Amino acid sequence: MASAEGDRPGQYVKLRKEKEGDAPAAGTETEDIRPGELNQPVRVPELEVQKCGACGQVLPPDFHPPVDEPWSTGIFGCAEDCDSCWTGLLCPCVLYGRNVQAVSGVPWTKPCTLHAVCIEGGIALAILTAAFHSVTTPVVSCLIGEGLLCGWMLYTAGTSLSREDLQKKYHLTDSPCNPWLVHCTLHWCAICQEHRESKAHLPAQPVTPATIVKPPLVQEMSMSEIPSSTTAPENEAPKTRHDNVEVVPL
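The structure presented is a predicted model; accordingly, all values stated were derived computationally and were not measured. (Residues numbered from 1 in each chain as written. Predicted model: local features only at pLDDT ≥ 70, side-chain atom pairs only at ≥ 80, totals over all residues. Heavy atoms only, no water.)

Asks: Looking at this model, I keep getting lost on the overall build of the chain. Mind explaining?
Replies: Each helix and strand in the chain was counted, giving 7 helices and 6 strands. Secondary structure elements in the chain, listed N-terminal to C-terminal, are α-β-β-β-β-α-α-α-α-α-α-β-β. The contacts of the chain with a sequence gap of at least 6 include a subset with a gap of at least 24, amounting to 53%. (Helix = DSSP H or I, 4+ residues; strand = E, 2+ residues; numbered from the N terminus. Contact = heavy atoms within 4.5 Å.)

If you want it as structure tokens, here you go:
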């Protein structure tokens, strides 16, 4: 048995490959294939599909992402919507909370409270510090200026996230510049512009008149209104009908 197996030729083939960088020719040099090199995944372009980055849904082959569009109003168009302009001027925390709720669905009270504590609270703290201490002192002036500047830059970096979410939702361009720079330099104008943009993308829902249906009145019948003909006499025996024959029990 062993001699029979020894007479058979070898069943294993040694694989070789062409060296990288050589042009296909008759005398191309080859090299050995390293162990594990054949187990590498093979890229098949026909089997690759395009998926949505947000939900992971498979997109059609001819799908192209929408191009970023300009804003419907400019950064200085606050006067185009008087309601948001006055709200942003007098209560910017309320307007910012509404913008966050329109984009992400978070209740407006949470971002409104955070905005009031960080922005309005920081400004009020700086005013109180300047009122109780002499602003002419270089140390106090430096501390107030640094506190306001650092706090403003840090918080506007957080408020700019809502502007970025709005731009991703409606595919808007950076206007007039990066969202963080817009909120850092023109925070009040930015929140007014974001509110106008959210209102511009709301679907137009026509107001349909409501139809009021009044239910019929409840009708009741008393025993006194029942006619006497409908009541059978007490001494009269009940009648039973079977087909066409009337049977009266004795």
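Next comes the rest of the description.
Asks: Got a minute to help me understand helix 4 (residues 109–132) in this structure?
Replies: Owing to its 3.6 residues per turn, the α-helix brings residues three or four apart onto one side. Between its first and last C-alpha, helix 4 extends 32 Å over 24 residues, near the 34 Å set by a 1.5 Å rise per residue. At G121, helix 4 is bent by approximately 35°, the largest bend along its length. Contacts made by the buried residues of helix 4 are with helix 3 (92–104), helix 5 (138–170) and helix 7 (187–200). (Expected span 1.5 Å × (residues − 1). Bend = angle between axes of the 7 residues up to and from the residue.)

Asks: Is there a simple way to explain the packing of helix 3 against helix 7 in this structure?
Replies: A pair of packed helices can be characterised by two numbers: the angle between their axes and the separation between those axes. Axis separation between helix 3 and helix 7 bottoms out at 10 Å; the angle between their running directions is 40°. Taken together, helix 3 and helix 7 sit at an angle that is classed as oblique. The crossing of helix 3 and helix 7 is left-handed. Each of P92, L95, Y96, N99 and A102 in helix 3 lies in contact with helix 7, whose residues at this interface are W188, I191, C192, E194, H195 and S198. Partitioned by chemical class, the residues of the contact of helix 3 with helix 7 number 7 nonpolar, 3 polar and 1 charged. (Axes fitted to C-alpha atoms, helices over the stretch in contact; angles between N-to-C directions. Parallel < 35°, antiparallel > 145°, perpendicular 65-115°, else oblique. Left-handed = near helix turned anticlockwise from the far one by under 90°. Nonpolar A, V, L, I, M, F, W, Y, C, P; charged D, E, K, R; others polar.)

Asks: Even after reading the chapter, I still don't get a nonpolar patch on the surface, so can you show me in this structure?
Replies: A surface patch of nonpolar side chains, about 350 Å² in accessible area, is lined by I123, I127, L148 and W188. When you line up the elements, I127 lands in helix 4. Under the relative-accessibility criterion, I127 is labelled exposed at 54%. (Patch = residues over 30% accessible without salt bridge, like charges linked within 9 Å, V, L, I, M, F, W, Y side chains within 5 Å. Areas by Shrake-Rupley, 256 points an atom, 1.4 Å probe, with all protein chains shown as cover. Salt bridge = Lys/Arg side-chain N within 4 Å of Asp/Glu carboxyl O. Buried < 20%, exposed > 50% of the residue type's maximum accessible area, 1.4 Å probe, protein only.)

Asks: Whenever I open this one, the side chain of S160 confuses me. Can you help?
Replies: Within the secondary structure, S160 is located in helix 5. A polar contact is formed between the side chain of S160 and the backbone oxygen of A157, at a distance of 2.7 Å. Those residues in contact with S160, other than ones at most four positions away along the chain, are P179, W180 and H183. (Polar contact = N/O pair within 3.5 Å; in protein donor to acceptor, adjacent residues only side chain to side chain.)

Asks: Hey, could you run me through the packing of aromatic side chains in this one?
Replies: For any two aromatic rings, the description comes down to two numbers: the centre-to-centre distance and the angle of the planes. The tally for this structure, following the rule as stated, stands at 1 aromatic pair. When the centroid spacing of 5.5 Å and the interplanar angle of 20° are considered together, the rings of W152 and W188 count as stacked. With W152 in helix 5 and W188 in helix 7, this pair connects stretches of sequence that are 36 residues apart. (Phe/Tyr/Trp six-rings, centres within 6.5 Å; stacked < 30°, edge-to-face > 60°.)

Asks: Can you walk me through the nonpolar core in this structure?
Replies: Grouped together as the largest cluster of nonpolar side chains are 14 residues, with contacts concentrated most on I75 and Y96. Put simply, the parts of the chain that give this core at least two residues each are helix 3, helix 5, helix 6 (179–185) and helix 7. Considering each element in turn, this core owes the most residues, 4 residues, to helix 7. Here Y96 is in contact with P111, H115, Y155, G158, T159, S162 and I191, once residues within four sequence places are set aside. (Core = buried A, V, L, I, M, F, W, Y, C linked by side-chain atoms within 4.5 Å.)

Asks: How should I be thinking about the pattern of salt bridges in this particular structure?
Replies: Between side chains of opposite charge, a pair can form as their charged atoms come close. Here the structure, examined in full by the defined rule, presents 2 salt bridges. The partner of K199 in a salt bridge is D81, and the shortest N-O contact between them spans 3.1 Å. Note that K199 is positioned in helix 7 and D81 in the loop between strand 4 (58–59) and helix 2 (82–90), a separation of 118 residues in sequence. Relative accessible area serves as the criterion here: at 42%, K199 is assigned to the partly exposed category. Overall, the relative accessible area of 13% leaves D81 in the buried class.

Asks: Any chance you could explain the environment of H183 here in plain terms?
Replies: Along the chain, H183 turns up in helix 6. Under the relative-accessibility criterion, H183 is labelled buried at 0%. It is 7.1 Å that separates the C-alpha atoms of H183 and T159, two residues lying 24 residues apart in sequence. If we ignore the near neighbours within four places in the chain, the residues touching H183 are W152, T156, T159, S160, R163, A190, I191 and E194.

Asks: Would you mind showing me how to read the side chain of E197 here?
Replies: Counting through the fold element by element, E197 comes out in helix 7. Residues contacting E197, with those up to four places away along its chain left out, are W71, S72, T73, L166 and L172.

Asks: What exactly am I supposed to notice about unusual backbone geometry here?
Replies: Outside of glycine, negative phi angles account for most residues, and trans bonds account for most peptide bonds. Of the consecutive residues S175 and P176, the connecting peptide bond is found in the cis state with omega at -5°. Its place among the elements puts P176 in the loop between helix 5 and helix 6. Residues other than glycine seldom take positive phi values, yet H171 does so here, at roughly 55°. Within the fold, H171 resides in the loop between helix 5 and helix 6.

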